[in-house]
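# Structure at a glance
Here are the chains, one letter per residue:
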Amino acid sequence: QVQLVESGGGSVQAGGSLRLSCAASGDTYSSDCMGWFRQAPGKEREGVASFYTGGGSTYYADSVKGRFTISQDNAKNTLYLEMNSLRSEDTAMYYCAATVTGSSGYCRLLLSRNGDRFSYWGQGTQVTVSS
């Protein structure tokens, strides 16, 4: 079992920045793919960014490329999502997730899905961007 706890959400004006954190505990070694997903009211959950812990590869949704950065601090067992140049359309509940994929390619593929193949989830943290 892996436990995930997100933090760092909040309200910010368009153009601003936030950094989300996801503290992982438990059997963290069992998960090699970690990701950030988001869900806005009335919309489906979508993948934002994923990180393959086996080699450090990172993947991003087209909508956030160049603005968001996913990273991991192994010593702290924490996953981060640095969000810059925020837009009103980034407003959503953001979730951290983890799973086993066995390859960076599969970790990348899962980002394009709605997270249904991820085994562990945090409770979410709200990000609100006002224009």
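As a reminder, the structure under discussion sits directly above these lines.
Procedures and definitions
- Residues numbered from 1 in each chain as written.
- Predicted model: local features only at pLDDT ≥ 70, side-chain atom pairs only at ≥ 80, totals over all residues.
- Heavy atoms only, no water.
- Disulfide = S-S within 2.5 Å.
- Helix = DSSP H or I, 4+ residues; strand = E, 2+ residues; numbered from the N terminus.
- Buried < 20%, exposed > 50% of the residue type's maximum accessible area, 1.4 Å probe, protein only.
- Core = buried A, V, L, I, M, F, W, Y, C linked by side-chain atoms within 4.5 Å.
- Contact = heavy atoms within 4.5 Å.
- Pairing = 2+ DSSP bridges.
- Axes fitted to C-alpha atoms, helices over the stretch in contact; angles between N-to-C directions.

What follows is about the state of the cysteines. Scanning all chains against the criterion turns up 2 disulfides. Linked covalently through their sulfurs, cysteine 22 and cysteine 96 form a disulfide whose S-S length is 2.1 Å. One disulfide, between cysteine 22 and cysteine 96, carries an S-S torsion of -75 degrees and so falls in the left-handed class. Pair noted here: cysteine 22 is in strand E3 (residues 18–26) and cysteine 96 is in strand E9 (residues 92–99), with a separation of 74 residues, a long-range link. A relative accessible area of 0% places cysteine 96 in the buried class. Each disulfide in the protein chain links cysteines that, numbered along the sequence, combine into the pattern 1-3, 2-4.

Here we take up the nonpolar core. Of all hydrophobic cores here, the largest spans 28 residues; its most connected members are Leu4, Trp36, Leu81, Met83 and Tyr94. The set of elements that each furnish at least two residues to this core consists of strand E1 (2–7), E3, strand E4 (33–39), strand E5 (46–52), strand E7 (68–73), strand E8 (78–83), E9 and strand E11 (125–130). Not counting residues up to four positions away in its chain, the partners in contact with leucine 4 are Cys22, Ala23, Ala24, Met34, Cys96, Ala97, Ala98, Tyr120, Trp121, Gly122 and Gln123. Of all hydrophobic cores here, the second largest spans 7 residues; its members include Cys33, Phe37, Tyr52 and Cys107.

Judged by pairing direction, the sheet is antiparallel, and its 4 strands sit side by side in the order E1-E3-E8-E7 without closing on themselves. With one partner strand each, in any of the chains shown, E1 and E7 form the two edges of the open sheet. Neighbour-to-neighbour, the strand axes of this sheet turn through a mean angle of 20 degrees, independent of strand direction. With 6 bridges joining them, E1 and E3 adopt antiparallel strand pairing. Paired with glutamine 3 across the bridge in E3 is serine 25.

What follows covers the pairing of E4. Counting buried residues in E4 gives 6 out of 7 residues, a clear majority hidden from the surface. In this structure, E4 lies alongside E5, joined through 6 bridges in antiparallel fashion. Bridging across to E5, arginine 38 finds its partner in glutamate 46. Counting the residues in the hairpin turn of E4 and E5 gives 6 residues, including glycine 42, whose phi is positive at 80 degrees.

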